[in-house]
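Each chain is listed here by its residues.
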Amino acid sequence: MEYVLSIAKFGQFSQAAIACNVSQPALSNQIKKLEKELGTEIFLRLNNEVRPTACGARVVEIAGRILNDAQKIRDTATEFRDPEAVPFKIGMTPTLAPYLTQYFSELFNTLFPSMRVTMIEDLPQNMLRMVEDHTLDMALVAKVNNSEALDFTSIWSEPLFLAMRERHPLCRLPSIAPEDVPEYDFIRLPHSFGYELEDRLPRQDASIRVTKRFDLTALRFETICRHICHSDDCTIVSALAVEQFKRDRWPLCFVPFDSPGNLRNLGAATRPNCPRKPLLARIGAYINQNPPKGVEPTYAQKN
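Our subject in this report is the structure included herewith. Bear in mind that the values here come from a model prediction, so they are computed numbers and not experimental data.

1. Topic: the packing of helix α1 (residues 2–10) against helix α3 (residues 24–38)
Each pair of packed helices gets described by two things: the angle between the helix axes and the distance between those axes.
Then, number 1: Axis separation between α1 and α3 bottoms out at 10 Å; the angle between their running directions is 110 degrees. In terms of their interaxial angle, α1 and α3 are classed as roughly perpendicular. Between α1 and α3, the contacting residues are Tyr3, Val4 and Ile7 on the first element and Leu27, Gln30, Ile31 and Leu34 on the second.

Pasting the structure below:
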């Protein structure tokens, strides 16, 4: 079943074999044996790709459900073992991970000193898929970015700021509305931070900034922030980033946004009935007592 899913995913026997850590002839022979046992072809072998037949498409769907249920059996067994004996994988977005590596390292060292923990940085949509397919135990995401297929447990709320260089004319403002952000000087990432007011901010439009002598399009949040240190451009930053920039003495100033929509509900995306949720309860309780600077804890223990 793993071979069938891998072939359907990659569309090639060679790549599927690499992903399954077997030789291509071994994988191909197993598929031929399966097709012989079933009495029908599962895959069409074309010149440059392998594609499921009509029957094969249904087999792929069923195999996915069976393997998912098999993983649930492993998860159930996890409940009855020492939780620290099983590695823990947590995902964070590029706008969170740089400011939380030390915090979560200390958190896990305090709560689960013997457990191996891996933090994975990726975009929200990618991390949610990894939670669904059991690659991650949980992902830290904003509630507005969460998937309906996953549970969401609120951990903290966090305000949004407009960041710009020191002595920028906007630094004198006590607060700012999204509609007042200068579109000519505004740079944003292509993905959402998870704040409702982001829809009211200027859209990234190259034609608006066409007269800029030096323009920037970036995939990394820190690249944008380093750029605005020496330009008239501005960008949005979360409270976590603000506190880190202040500690690192970056030459930036930060203006809070007017409500509504200036807070994001950040929390843990997990699979329904995930057996590792007792760990989340301990993590949430720790955050309530020792929150990162700049956020307001929101975790509530469920009965």
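Here the narrative resumes, following the displayed structure.
2. Regarding the nonpolar core
Then, number 1: Within the largest apolar cluster, 62 residues are counted, with the highest numbers of intra-cluster contacts made by Phe104, Val237 and Phe245.
Then, number 2: For this core, the element with the most residues is helix α5 (residues 97–111), which contributes eight residues.
Then, number 3: Residues in contact with phenylalanine 245, not counting those within four places in the same chain, are Tyr99, Phe221, Cys225, Val237, Trp250, Leu252 and Phe254.
Then, number 4: Core analysis: the next-biggest nonpolar cluster, separate from the first, contains eleven residues, Ala17, Phe43, Val50 and Val60 among them.

3. Quick word on helix α2 (residues 13–20)
Then, number 1: Those residues of α2 that sit buried are Phe13, Ala16 and Ala17. Down the axis of α2, the smallest arc covering the buried residues is 100 degrees, so these residues share one side.
Then, number 2: Just beyond α2, the residue with positive phi is asparagine 21, at close to 60 degrees.

4. Overview of the pairing of strand β6 (residues 151–165)
Then, number 1: Within β6, twelve of the 15 residues are buried, leaving the element largely enclosed by the surrounding structure.
Then, number 2: Two elements, β6 and strand β9 (residues 263–270), share eight bridges in a ladder whose sense is antiparallel. Across the sheet, the residue bridging to proline 159 is leucine 263, located in β9.
Then, number 3: Here β6 runs beside strand β10 (residues 296–297); their pairing, made up of two bridges, is antiparallel. Bridge pairing links tryptophan 156 to proline 297 in β10.
Then, number 4: Sheet analysis places β6 next to strand β7 (residues 235–238), joined by four bridges and oriented antiparallel. Opposite alanine 163, over in β7, you have threonine 235 as the bridge partner.
Then, number 5: Inspection of the sheet shows β6 paired to strand β8 (residues 252–256) by five bridges, in the antiparallel sense. Its bridge partner lying in β8, leucine 162 is registered against valine 255.

5. Structural notes on the packing of aromatic side chains
Then, number 1: Going through the model one piece at a time under the given rule, you end up with eleven aromatic pairs.
Then, number 2: Centre to centre, the rings of phenylalanine 108 and phenylalanine 112 are 6.1 Å apart; their planes meet at 40 degrees, and the pair counts as tilted. Accessibility classification places phenylalanine 108 together with phenylalanine 112 in one group, the buried group.
Then, number 3: Ring geometry for phenylalanine 245 against phenylalanine 254: centres 6.3 Å apart, planes inclined by 5 degrees, an arrangement best described as stacked.

6. So, the state of the cysteines
Then, number 1: Taken as a whole and assessed by the stated rule, the structure comprises one disulfide.
Then, number 2: For cysteine 225, which is in no disulfide, the shortest distance to another cysteine sulfur is to cysteine 229 and amounts to 7.5 Å.

7. Examining helix α7 (residues 221–228)
At 3.6 residues per turn, the α-helix brings residues three or four places apart onto the same side.
Then, number 1: Taken together, the buried positions of α7 are Phe221, Ile224, Cys225, His227 and Ile228. Viewed end-on, α7 has its buried residues packed into an arc of 160 degrees, placing them on one side of the element.
Then, number 2: Packing partners of the buried residues in α7 comprise α5, β6, β7, α8 (239–247) and β8.

8. Some points on the pattern of salt bridges
Then, number 1: Here the structure, examined in full by the defined rule, presents eleven salt bridges.
Then, number 2: Arginine 51 is paired through a salt bridge with glutamate 49; the nearest N and O atoms lie 2.6 Å apart.
Then, number 3: We note a salt bridge from glutamate 158 to arginine 264, for which the minimum N-O separation is 3.2 Å. Highlighted residues: glutamate 158 in strand β6 and arginine 264 in strand β9, separated in sequence by 106 residues.

9. Some remarks on the packing of α2 against α3
Then, number 1: Interaxial distance between α2 and α3 falls to 8 Å at its minimum, and their mutual angle equals 105 degrees. Taken together, the axis directions place α2 and α3 in an arrangement best described as roughly perpendicular. Here Phe13, Ser14, Ala16, Ala17 and Cys20 of α2 lie close against α3, whose contacting residues are Gln24, Leu27, Ser28 and Ile31.
Then, number 2: Split by residue class, the contact of α2 with α3 holds six nonpolar, three polar and no charged.

10. Let's talk about the side chain of threonine 93
Then, number 1: Examined against the element boundaries, threonine 93 turns out to sit in the loop between β3 (88–92) and α5.
Then, number 2: Not counting residues within four places of it along the chain, the set of residues in contact with threonine 93 comprises Pro98, Glu121, Asp122, Pro124, Met127 and Leu140.

The rules we used
- Residues numbered from 1 in each chain as written.
- Predicted model: local features only at pLDDT ≥ 70, side-chain atom pairs only at ≥ 80, totals over all residues.
- Heavy atoms only, no water.
- Axes fitted to C-alpha atoms, helices over the stretch in contact; angles between N-to-C directions.
- Helix = DSSP H or I, 4+ residues; strand = E, 2+ residues; numbered from the N terminus.
- Parallel < 35°, antiparallel > 145°, perpendicular 65-115°, else oblique.
- Contact = heavy atoms within 4.5 Å.
- Core = buried A, V, L, I, M, F, W, Y, C linked by side-chain atoms within 4.5 Å.
- Buried < 20%, exposed > 50% of the residue type's maximum accessible area, 1.4 Å probe, protein only.
- Arc of directions from axis to C-beta.
- Pairing = 2+ DSSP bridges.
- Phe/Tyr/Trp six-rings, centres within 6.5 Å; stacked < 30°, edge-to-face > 60°.
- Disulfide = S-S within 2.5 Å.
- Salt bridge = Lys/Arg side-chain N within 4 Å of Asp/Glu carboxyl O.
- Nonpolar A, V, L, I, M, F, W, Y, C, P; charged D, E, K, R; others polar.

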